[in-house]
Amino acid sequence: MRVSMIVTCNLCLALRPLLPLMLLLIIVLPDRTFTMSSSFQVERIEEQKSKDNNVVVLTRDATSAMTEEQQECVNDEQYDYLIQARKLIPPPVESIENGDTESADWWMEHSALLQRAWTQWHQQQQQQRSLPPLNVNSILIDHSLHRDVYQTWKEPTLENEERIHRKWEEVLLSTTSKTTMTKTTMPILNYDNDTIKQEQEQEQHEVFRYQNFLTPEGVQVLRDHLDSITYDSGIPTRRPNAMNRHGLLLDPTVPGGVGGNLPIHNFLDILVRDFVRPLGRSFFPTFCGNSEDDIKHYAFTIRYGDDGHDPLSTTETGGDLELKEHSDASIISLNINLNLPDEEYTGSSLYFVQDDGDKKERREFNFESGTALLHRGMTRHGSIPLQSGQRNNLVIWLHGKDGYVRTSSYEKHEQLTVSERWSFI
Ligand SMILES: O=C(O)CCC(=O)C(=O)O
Ligand SMILES: [Fe+2]
C-alpha cells in the first residue's frame, strides 16, 4: 500500500509537467472523437449501401457533418446534373475529326450525364412548359384534316382514305420506266420460255403538300417549346444530322439527342403513330408494304439563318444557308415549317428532282408557316440558299429497326390492306 502510494506520487510528480496538456485532451478529445467516429460510421455504412446498389451517392447523413460550403459543393457537383451539363463545352458544329462531322465520341462520352440533365430540367419545367394534347380536339393540327384522320382510324375504308388524299396536293409526279416480267405460255416469243419482258411507263407520285397542316396556334406552341429547349435549358445539344448543323436532334436514343421525355417526345410519338405512318402507307403503298419498314422514327429540327445566339458559328450569317441535294435515310419523310406567320424569309426554297426518265428537272417549293410536305426519302431534294431571314422546320423520318431503309417496291398483292395501313402494326 505504501509502496503503491509512493509509486503513484512519483508518477504524479513525473507527469505533473504534462498536466495542462492532459486536461486539454480530456476536454477536447471525447467530443472530437465522437463527432469524427459518428460521421465516419455513417459514411462507411452509406458507402457500403451505395456499393451494394452499385450507385455512388453521398447521403444527407454523411453530408451533415460538412461545412455549408462543402455541402453546397456536393449539392452542385454530385447531384446537379444540370449544372454539370451546362459546364460542358461541346465540340463546335463545324468540327471535323477523322472525317466524323458529328463528334460522335464526345456525345457518347457525355451521353449519360446529358440524359440525366434533361430529366432534371423536365422536372423543373413541368409546371410551366407543356404542349396541348394531340387528341381529336387538338388545336395543333388543321381541324378538318384531324377530323378525317380520326374518322379513318375509326372506319378504315378506301373512301375515308380518299377523303384525306383530296385534302393534300400532289405536287411532284415522276415518270419512270419499269421492267416487269410476265408469265406467258407462248414459248416462241422469248428465250427463257417462261417470261416476257415488258417496259412499262409508270407514273409515280413523289411529294404531297398540305398548306396549313399546323394551325397558327400549333406553330406558336411548338416553337415556344422548342425554343425553350434550345435557349433556356442551357444543355448542349448535338447537331441534327451529318448535313444540317443547326437545330435540335430530338431522338433521345442517340447520344446527344434531346431526352428527358419532354412534351415534344410525346407529341412526336402520337403524330407519328396517328398521322405520319398511316399517311405514308396510304400515299405510298408500293413502298410502305410492311410494318418492319416504318416502325421507327427519327425527328429533328433544322434552322437556316442566324439566330443571334451562335457565337461559335463561322458561316456568313451564323447559321446554315442551304442544303446539298440528297436522299434521306428514311422510307418516308414529313417536313413541316415552323416559322411564325410574321417571320419572313427569302430564298431557301426546297427543291425536288423530278425524274422523267431521260430528263431530270428541279421543282421548287416555298414553305409557308405550318405547311407540311410528305415525300419518299429516296426522292432527291435539297434547299437553295437563304437570302434573308430565318427558316425553321421540323423533320420526321420513318425507317425500320437499326436504321434499315427499304428502297425496293412491293407488288400489288404484297401491299398492306387499308385496315393494315390504319392499325398499330
Ligand atoms: O427543309 C429543308 O430544307 C430540307 C431538310 C431536309 O431535307 C433534311 O433535313 O433531310
Ligand atoms: Fe432531306
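Everything below is about the structure shown above.
Reading the values: rules and limits
Residues numbered from 1 in each chain as written. Chains lettered and ligands numbered in written order. Predicted model: local features only at pLDDT ≥ 70, side-chain atom pairs only at ≥ 80, totals over all residues. Heavy atoms only, no water. Salt bridge = Lys/Arg side-chain N within 4 Å of Asp/Glu carboxyl O. Buried < 20%, exposed > 50% of the residue type's maximum accessible area, 1.4 Å probe, protein only. Core = buried A, V, L, I, M, F, W, Y, C linked by side-chain atoms within 4.5 Å. Helix = DSSP H or I, 4+ residues; strand = E, 2+ residues; numbered from the N terminus. Contact = heavy atoms within 4.5 Å. Expected span 1.5 Å × (residues − 1). Pairing = 2+ DSSP bridges. Axes fitted to C-alpha atoms, helices over the stretch in contact; angles between N-to-C directions. Donors = N, O, S within 2.8 Å, 3.2 Å for Na, K, Ca; no water.

Chemist: What is the right way to read the pattern of salt bridges from this model?
Modeler: Once the charged atoms of two side chains with opposite charge are near each other, the side chains can pair. Within the structure shown, the criterion is met by 13 salt bridges. Of the charged contacts, one joins Asp148 and Arg147 as a salt bridge, the two residues approaching to 3.7 Å between their closest N and O atoms. Classification of Asp148 by relative accessible area gives buried; the value is 4%. The class for Arg147 is partly exposed, based on a relative accessible area of 46%. Among the charged side chains, a salt-bridge network with shared partners connects Arg147, Asp148 and Lys167.

Chemist: Would you mind showing me how to read the nonpolar core here?
Modeler: In summary, soluble globular proteins display a tendency toward joint burial of nonpolar side chains. Within the largest apolar cluster, 59 residues are counted, with the highest numbers of intra-cluster contacts made by Trp168, Phe213, Ile264, Phe267 and Leu271. The dominant element in this core, judged by the number of residues it contributes, is helix H11 (residues 263-283), at 10 residues. Once residues lying within four places of it in the same chain are set aside, the contact partners of Phe267 are Leu131, Leu134, Leu140, Leu222 and Leu394. Ranked by size, the runner-up nonpolar core spans 18 residues in total, among them Leu249, Leu323, Phe352 and Leu386.

Chemist: Before we go on, may I ask you to explain helix H7 (residues 111-125) in this structure?
Modeler: Count 3.6 residues to each turn of an α-helix, and residues three or four apart come out pointing the same way. Between its first and last C-alpha, H7 extends 21 Å over 15 residues, near the 21 Å set by a 1.5 Å rise per residue. If you check which residues of H7 are buried, you get Ser111, Leu113, Leu114, Gln115, Ala117, Trp118, Gln120, Trp121, His122 and Gln125.

Chemist: Sorry if this is basic, but what is going on with the sheet that holds strand S10 (residues 381-383) here?
Modeler: Sheets are built from strands paired through backbone hydrogen bonds, the pairs being either parallel or antiparallel. Ordered by their spatial adjacency, 4 strands build an open sheet running S4-S10-S7-S8, and the pairing between neighbours is antiparallel. Every other strand in the sheet has two partners, leaving strand S4 (323-326) and strand S8 (359-365) as the edge strands with one partner each. Direction aside, the axes of adjacent strands within the sheet are offset by 20° on average. Examined bridge by bridge, strand S7 (residues 350-356) and S10 share 3 bridges and lie antiparallel to one another.

Chemist: Sorry, what's going on with the coordination of the iron ion (ligand 2) here?
Modeler: Angles between donor atoms at a metal ideally measure 109.5 degrees for a four-coordinate tetrahedral arrangement and either 90 or 180 degrees for a six-coordinate octahedral one. Each protein donor to the iron ion (ligand 2) is listed here as His326 (NE2), Asp328 (OD) and His381 (NE2); together their distances run 2.1 Å. For the iron ion (ligand 2), all donor residues lie on one chain, and their spacing in sequence is H-x1-D-x52-H. Pair noted here: His326 is in strand S4 and His381 is in strand S10, with a separation of 55 residues, a long-range link.

Chemist: Would you mind going over the side chain of Thr215 with me for this structure?
Modeler: Looking at the secondary structure, you find Thr215 in the loop between strand S2 (195-210) and helix H10 (216-232). Setting aside residues no more than four positions away along its own chain, Thr215 makes contact with Ile139, Leu140, Ile141 and Asp142.

Treat this as a map of the structure, not an account of what it does.
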